[in-house]
Amino acid sequence: GKVVTVHLGADGDATIVDQRDLSDDNNAVVTYHNPIDNVTDLAHHFFARCLVADGGKGVVPYVVTKKTVFKWQEGFWVAMKEVFDAHYKDKYLAKGLLETVGGELPHLISDAATMQIIRWTGGGFGMAAHNYDGDMLTDEVAQVHRSPGFINSVLIGKKANGEIIKEYEASHGTVADMDAARLRGEETSLNPLGMVEALFGAMDHSADLAGGRDDVKDFTASLRKIVHKCMVEGKGTRDLCGPSGLTTEQFIDEVASQIGKDVSAATAAPTKPVAAEKDVDDEAINALFNELDTDGNGVIDKAELKAGLIKLNLAPIPMIKTLKADT
């Protein structure tokens, strides 16, 4: 048979949007409505944030799509670029943020974004994407840093009068098994940073809606410092701090014990590696060293290191080169 997608206008006129002949015994047909009107607001929010991120220095903005396959995503890219070129390009150029990407707003295919987000360990970039691509990329970043508890999400909308609506949440419900263990009375060690940051964001936005409550923002800022300090000092949960880390309840108690203390002058100790030296496979280390030490003199020089990193696919590559290769 045939599947026909028809748009019926307000005046009653019918326009065929798409039609397909179905020749297989089994077929799946999807008609997808993707609103474009709200992309302009998203673009302004994204580019404005990237421009002042990293302590005001700004970061490189990337737009991520799969428009080479999903042609309907072209409209998302076009709308983002129109806003950028008209309102933000000169500001980014003035800060030198486009020097590594050819002076234009860079686009990344979603496949390339999943690879680059691991390689660009120095940060300095932001990514705007469709919802499901964003889910994938944030999950990936969280797992690279060993914990899905890092993820939080902000849903942004706008009232008819222009007032911004924000809904904060910890994505994506990935700890149901751990909560079941807690309900059984078993010990858990869950990284709560995603939930905590979501609560901080909700409190700060509520303070803005209330006309600007500096006392609320001072409290969330202080509590954020305490939470991060505990994690860095090795007093966080075990997914980040290793076997010597705290249980969920112990972490909460540790944070509570520091509320009201002066944490601004605290110097955090380096995070201890999860793997202890005794757990390292020395034979594997020796084999890797011998492989990189191509001349066998017991020393790995710069040329050998470079060749080894290339062979292991770990060599850093400038962003502009990777962008050209992937797009």
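Throughout what follows, the structure given in this document is the object of discussion. (Residues numbered from 1 in each chain as written. Predicted model: local features only at pLDDT ≥ 70, side-chain atom pairs only at ≥ 80, totals over all residues. Heavy atoms only, no water.)

Once that is clear, we can look at the overall build of the chain. Along the chain, the regular secondary structure elements total 13 helices and seven strands. Looking at the chain as a whole, 30% of its 327 residues are labelled buried. Across the chain, the fraction of contacts at a sequence separation of at least 24, relative to all contacts at a separation of at least 6, is 59%. (Helix = DSSP H or I, 4+ residues; strand = E, 2+ residues; numbered from the N terminus. Buried < 20%, exposed > 50% of the residue type's maximum accessible area, 1.4 Å probe, protein only. Contact = heavy atoms within 4.5 Å.)

The next subject is the nonpolar core. Phe-47, Tyr-62, Met-80, Phe-84, Tyr-92, Leu-108 and Met-127 are the most contacted members of the largest nonpolar core, which has 31 residues in total. Breaking this core down by element, the ones donating at least two residues are helix H1 (39-52), strand S3 (60-65), helix H2 (74-87), helix H4 (110-119) and strand S5 (125-129). Those residues within four positions of Phe-84 in sequence are excluded, and the remaining contacts are Phe-47, Pro-61, Lys-89, Tyr-92, Leu-98 and Leu-105. Listed in part, the 13 residues of the second largest apolar core include Leu-193, Leu-246, Phe-251 and Val-255. (Core = buried A, V, L, I, M, F, W, Y, C linked by side-chain atoms within 4.5 Å.)

By the burial criterion, the buried members of helix H10 (residues 248-258) are Thr-248, Phe-251, Val-255 and Gln-258. End-on, the buried residues of H10 take up no more than an arc of 100°, which puts them together on one face. Those residues of H10 hidden inside the fold are in contact with helix H8 (214-232). Downstream of H10 by one or two residues, Gly-260 has phi in the positive range, about 95°. (Arc of directions from axis to C-beta.)

To continue, consider the sheet that holds S5. Spatial strand order, S4-S3-S5: three strands in an open sheet with parallel pairing. The open sheet terminates on both sides in strands that have one partner only, identified here as strand S4 (107-109) and S5. Across the sheet, the mean angle from the axis of one strand to that of its neighbour is 35°, orientation sign disregarded. Relative to S5, S3 is paired through five bridges, and the arrangement is parallel. Paired with Tyr-62 across the strands is Met-127, a residue of S5. Where H2 meets the sheet, its contacts fall on S3, S4 and S5, and the angle it forms with S3 comes to roughly 160°. (Pairing = 2+ DSSP bridges. Axes fitted to C-alpha atoms, helices over the stretch in contact; angles between N-to-C directions.)

A few words now on the environment of Lys-225. Its place among the elements puts Lys-225 in helix H8. You can call Lys-225 partly exposed: its relative accessible area is 46%.

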